[in-house]
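Summary of structural features
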Amino acid sequence: MSVRPPAVAGAFYSGTEKGLRRQIEWCFRHELGPGELPEPVDRPLEKLVALVCPHAGYMYSGPVAAHAYARLAKEGKPDVVILLGPNHTGFGRSVAVYPRGAWRTPLGDVEVDERVVQAILERAAIASDDEAAHAYEHSIEVQLPFLQYFYGSGFRIVPICMMFQDLRTSTEVGQAIADAIRELGLNALVIASTDLTHYEPHEVAVRKDSEVIKAIEALDVSGLYRAVEELPVSMCGYGPTAAAMVAARELGATRGELLKYATSGDITGDRSAVVGYAAIAIVR
């Protein structure tokens, strides 16, 4: 079985198992995190359909991301996690679905669910079987250790890296995900990996990001694109977020719930040029 090695271990997060477990626990216990380690519940997901999570280095966005994973732990355990992230590197196809094998982190290997991959590829013409886009991309990889911390290797993944993020592409991908989950009868979770405003003053980031968050809470995909394009908001993963919103809405979700918002300035104290981070649950 082919294995994708970690691209950002030792940079975005600790490169050793012991160090990574300690770092994840730090994220949960941080003053900007949930404040405690949740006890995961072993049952299928019912209300929780999708999460929106940041993907910066754990020292910056980890405490915010921990709110999303704390909510997941309390809701149940997915069998399949479909991970959507933006393409920061420019490598690979327009919408690249990692086809087979496993992904490795310091916490072990997680297998790709080939059956779900094929189901999505059959339903989304824009999507391609492609490993190249994922080789050096961090946005999906940084979500895995949080999942592994709770579930080990007891789940499978479908990584989807999006270079094209227009409304038509995101709608097609989101619809394909929903159709695959519904038709295969999956106990699945969709995760959209994104940061929000990049490198603007804290006050500006808070104002702009609040409009993005309102659109996600309302599951208003067109409103999300309006906010990103008109304000504008330098949100790197608006396409993955829109795709997750489309999929969630098709699967019966009715709203998004903001779990935590903060900026890098809340961590570092430097509020002159920050990045915005939000953890959002999308629920039925």
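This write-up is about the structure you can find in this document. All figures in this text were calculated on a predicted structure; none of them were measured in a lab.

1. Looking at the layout of surface pockets
One water molecule sets the probe size; rolling that probe over the atoms shows where empty space is left. Here the largest pocket is characterised by a volume of approximately 190 Å³. Considering the residues around the largest pocket, the lining is formed by 16 residues, among which F12, A56, G57, D195 and Y199 are closest to the centre. Secondary structure elements with two or more residues in the lining of the largest pocket: α2 (58-75), β10 (198-200) and β12 (274-283). Looking at the lining of the largest pocket, its residues break down into 9 nonpolar, 6 polar and 1 charged.

2. Concerning a nonpolar patch on the surface
A contiguous nonpolar surface patch, about 280 Å² in accessible area, is contributed by W26, M59 and Y60. With respect to the helices and strands, Y60 occurs in helix α2. Classification of Y60 as partly exposed rests on a relative accessible area of 37%.

3. Describing empty space enclosed by the protein
In this structure the tally under the stated criterion is 1 cavity of 30 Å³ or more. In this model, the largest cavity occupies a volume close to 40 Å³. Taken together, P54, H55, A56, Y58, S61, G62, A65, V142, Q143 and F146 make up the lining of the largest cavity. When grouped by side-chain class, the residues that make up the lining of the largest cavity number 6 nonpolar, 4 polar and no charged.

4. Considerations on the sheet that holds strand β1 (residues 3-4)
Reading across from one edge, β1-β5-β6 is the order of the 3 strands in this open sheet, with mixed pairing throughout. Both outer strands of the open sheet, β1 and β6 (108-111), are each paired with one neighbouring strand and no more. Pairing geometry for strand β5 (residues 102-105) and β6, over 4 bridges, is antiparallel. The residue bridging W103 from the neighbouring strand is V110, located in β6. Relative to β5, helix α4 (residues 144-151) is tilted by about 90°, and along the sheet it contacts β5 and β6.

5. Quick word on helix α3 (residues 114-123)
Of all the residues in α3, the buried ones are V116, V117, A119, I120 and L121. Where α3 is buried, its residues touch β3 (80-86), β4 (95-97), β7 (127-129), β8 (156-162) and α5 (167-184). Where α3 begins, the side chain of D113 points an oxygen toward the backbone nitrogen of R115, at a separation of 3.2 Å.

6. Side note on the packing of α2 against α4
Each pair of packed helices can be summarised by the angle the axes make with each other and by the distance between the axes. Interaxial distance between α2 and α4 falls to 10 Å at its minimum, and their mutual angle equals 45°. The orientation of α2 with respect to α4, classified from their angle, is oblique. Pair α2 / α4 crosses with right-handed handedness. Contacts between α2 and α4 involve Y58, G62, A65, A66, Y69, L72 and A73 from the first element and P145, F146, L147, F150 and Y151 from the second. Partitioned by chemical class, the residues of the contact of α2 with α4 number 11 nonpolar, 1 polar and no charged.

The rules we used
- Residues numbered from 1 in each chain as written.
- Predicted model: local features only at pLDDT ≥ 70, side-chain atom pairs only at ≥ 80, totals over all residues.
- Heavy atoms only, no water.
- 1 Å grid on protein atoms, 1.4 Å probe; cavity = no way out; pocket = protein on both sides within 12 Å on 5 of 7 lines; lining within 4 Å.
- Points joined across faces, edges and corners; volume = space filled by probe spheres on them.
- Helix = DSSP H or I, 4+ residues; strand = E, 2+ residues; numbered from the N terminus.
- Nonpolar A, V, L, I, M, F, W, Y, C, P; charged D, E, K, R; others polar.
- Patch = residues over 30% accessible without salt bridge, like charges linked within 9 Å, V, L, I, M, F, W, Y side chains within 5 Å.
- Areas by Shrake-Rupley, 256 points an atom, 1.4 Å probe, with all protein chains shown as cover.
- Salt bridge = Lys/Arg side-chain N within 4 Å of Asp/Glu carboxyl O.
- Buried < 20%, exposed > 50% of the residue type's maximum accessible area, 1.4 Å probe, protein only.
- Pairing = 2+ DSSP bridges.
- Contact = heavy atoms within 4.5 Å.
- Axes fitted to C-alpha atoms, helices over the stretch in contact; angles between N-to-C directions.
- Polar contact = N/O pair within 3.5 Å; in protein donor to acceptor, adjacent residues only side chain to side chain.
- Parallel < 35°, antiparallel > 145°, perpendicular 65-115°, else oblique.
- Left-handed = near helix turned anticlockwise from the far one by under 90°.

Interpretation note: all reported values are geometric properties and have no functional meaning in isolation.
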